[in-house]
Amino acid sequence: MTDAPAPYEGPRRILSGMQPTGQLHLGNYLGALKNWVALQDGEAECFYCAVDMHAMTVPYEPAALAKAVRGVTAAYLAAGVDPARSAIFAQSAVPAHAELAWILQCVARLGWLERMTQFKDKAGKDAERASVGLFTYPVLMAADILVYKATEVPVGEDQKQHLELARDVAARFNRDFAGGRTVLPMPDPVILGTGARIMSLKDGTSKMSKSDPSDNSRINLHDDADTIARKIKKAKTDPEPLPETVEGLEARPEARNLVGIFAALTGRTSADVLAEYGGQGFGAFKPVLADAAVQFIAPISEEFGRLMADPAEIDRVLTKGAERANAAAAPVLAEVRDLVGYWRA
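Residues numbered from 1 in each chain as written. Predicted model: local features only at pLDDT ≥ 70, side-chain atom pairs only at ≥ 80, totals over all residues. Heavy atoms only, no water.

Novice: Describe the overall build of the chain, listing the residues and the values that go with them.
Specialist: Within the chain, the secondary structure is distributed over twelve helices and five strands. Here the C-alpha radius of gyration of the chain, 22 Å, is about what a compact globule of 345 residues would show, namely 20 Å. Across its three principal axes, the chain shows a C-alpha extent of roughly 75 × 50 × 45 Å. Classification of the 345 residues of the chain by burial places 48% in the buried group. When the accessible surface of the chain is split by element, carbon and sulfur atoms take 54% of a total near 16,500 Å². Positive and negative charge centroids in the chain, built from 38 and 44 side chains respectively, lie 3 Å apart. (Helix = DSSP H or I, 4+ residues; strand = E, 2+ residues; numbered from the N terminus. Rg over C-alpha atoms; globule rule 2.2 N^0.38 Å. Buried < 20%, exposed > 50% of the residue type's maximum accessible area, 1.4 Å probe, protein only. Areas by Shrake-Rupley, 256 points an atom, 1.4 Å probe, with all protein chains shown as cover. Lys, Arg positive; Asp, Glu negative; His and termini not counted. Charge placed at Lys NZ, Arg CZ, Asp CG, Glu CD.)

Structure representation (structure tokens):
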């Protein structure tokens, strides 16, 4: 019987990122960015990247990619991610991600990837025409995490399976190449808090998404007051007034979503919201919700606009962040290269 590997004793590190596709929206903020900002106040070193390599797994416009990276970076900054406390960078600016991904593809097993439900969801019925990159996406995600020896990863429900794969890959690498030593730590999930399931304004059963073809389905972080008010006014509802208890929201996904958004924006619970607005119709509730959304998003939208008007400032942040990320990744990759037997002079 073999001994269990010793616990990892390296520094705490947090890694997360978003694809630079589409516009970041209220769901991204409440479900992720808000948590990223809070995590900066802890003792862990934070790495937040724009995962532009992942964006290549589906059709995209090369000429627009760099601008999209600046856009998602501006959203990070406007939301409160501080480049003095966190490394903010483009994934492609750290070549170690790609090199480690290849090594880990030789560690991961085909059966592990075949069980990944996101590939099936994104490829649909035409999986044979999907890119190999879309299939091996979870291994690149594992490399994103393990190249920094990240110990914690903020994840939503849709990414938990990929994090489990990263843990499996780390364990297999440690067994096959490090004699069971914990060279690559198995990262733990940081479960995202309030607002992680903000739903579409057009369909309360679907998550608010950057990829939804209808811009009216989401409140973007750069939307102005008039746009926010218009979108909320058009948000799908049912004909009944708001219930007076949370139980009354069951089987009413659109009502539950709007109440949940208002609660998240105002730092209250859904029960508190219904105690005040229960019995009222949406004609009365939507203007109140719109006012709360405008007040909440206005400073983010204004800062986003300022940053996008000064791309040089964004590029300085990305350059410094990439320097920090490369410095952190280099010794990890060097250690891995030695363990897998790569030649060196």
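Novice: Residues and numbers for the packing of helix 11 (residues 282-308) against helix 12 (residues 311-340), please.
Specialist: Across the interface, helix 11 lies against helix 12 with an axial gap of 6 Å and an inter-helix angle of 90°. Relative to helix 12, the element helix 11 lies roughly perpendicular. Together, Arg 306, Leu 307 and Met 308 of helix 11 and Pro 311, Glu 313 and Ile 314 of helix 12 make up the contact between the two elements. Its residues assigned to classes, the contact of helix 11 with helix 12 shows four nonpolar, no polar and two charged. (Axes fitted to C-alpha atoms, helices over the stretch in contact; angles between N-to-C directions. Parallel < 35°, antiparallel > 145°, perpendicular 65-115°, else oblique. Contact = heavy atoms within 4.5 Å. Nonpolar A, V, L, I, M, F, W, Y, C, P; charged D, E, K, R; others polar.)

Novice: Could you give an account of empty space enclosed by the protein, naming the residues involved and the relevant values?
Specialist: Throughout the structure, instances matching the rule amount to one cavity of 30 Å³ or more. A volume near 60 Å³ is recorded for the largest cavity. Every residue lining the largest cavity is listed: Met 116, Gln 118, Phe 119, Lys 122, Leu 134, Phe 135, Tyr 137, Pro 138 and His 162. Top element by residues in the lining of the largest cavity is helix 6 (residues 132-146). It accounts for four residues. Considering only residue class, the lining of the largest cavity consists of six nonpolar, two polar and one charged. (1 Å grid on protein atoms, 1.4 Å probe; cavity = no way out; pocket = protein on both sides within 12 Å on 5 of 7 lines; lining within 4 Å. Points joined across faces, edges and corners; volume = space filled by probe spheres on them.)

Novice: Kindly report on unusual backbone geometry, identifying the contributing residues and their values.
Specialist: Despite not being glycine, Lys 149 shows a phi value in the positive range, around 50°. On the accessibility criterion, Lys 149 (14% relative accessible area) is buried. If you check the backbone angles, Ala 251 has positive phi at about 65° while not being a glycine. By the secondary structure assignment, Ala 251 is in the loop between helix 8 (225-234) and helix 9 (253-266).

Novice: Give me the nonpolar core: which residues, what numbers.
Specialist: Generally speaking, a soluble globular protein has its nonpolar side chains buried in company with each other. Ranked by internal contacts, the top residues of the largest apolar core, which has 59 residues, are Leu 33, Tyr 76 and Phe 285. The element best represented in this core is helix 11, accounting for ten residues. Those residues in contact with Phe 285 that lie beyond four places of it in its chain are Leu 242, Leu 258, Val 259, Phe 262, Val 273 and Tyr 277. The next biggest cluster of nonpolar side chains, apart from the first, holds 49 residues, and it includes Ala 96, Trp 112, Ala 325 and Val 332. (Core = buried A, V, L, I, M, F, W, Y, C linked by side-chain atoms within 4.5 Å.)

Novice: How would you explain the packing of helix 8 against helix 11 if you had to name every residue and give the values?
Specialist: To describe two helices that pack against each other, one gives the angle between their axes and the distance between the axes. Look at helix 8 against helix 11: their axes get within 9 Å of each other, and the N-to-C directions meet at 145°. Note on packing geometry: the crossing formed by helix 8 with helix 11 is right-handed. Counted together, Ala 225, Ile 228, Ala 229, Ile 232, Lys 233 and Lys 234 of helix 8 and Lys 286, Leu 289, Ala 290, Ala 293, Val 294 and Ile 297 of helix 11 form the full contact between these two elements. Here the contact of helix 8 with helix 11 is composed, by residue class, of nine nonpolar, no polar and three charged. (Left-handed = near helix turned anticlockwise from the far one by under 90°.)

Novice: Explain the environment of Gly 321 residue by residue, including any values.
Specialist: Position of Gly 321 among the secondary structure elements: in helix 12. Linking Gly 321 and Pro 83, residues 238 residues apart in sequence, is a C-alpha distance of 7.3 Å.

Novice: I'd like to hear about the packing of aromatic side chains, residue by residue, with values.
Specialist: Here the structure, examined in full by the defined rule, presents nine aromatic pairs. Between the aromatic rings of Tyr 277 and Phe 285, the centroid separation amounts to 5.5 Å while the plane-to-plane angle is 65°, which identifies the pairing as edge-to-face. Taken as a pair, Tyr 277 and Phe 285 share a single burial class, namely buried. Here a set of aromatic residues connected by ring pairs shows up, and it is made of Trp 36, Tyr 48 and Tyr 76. (Phe/Tyr/Trp six-rings, centres within 6.5 Å; stacked < 30°, edge-to-face > 60°.)

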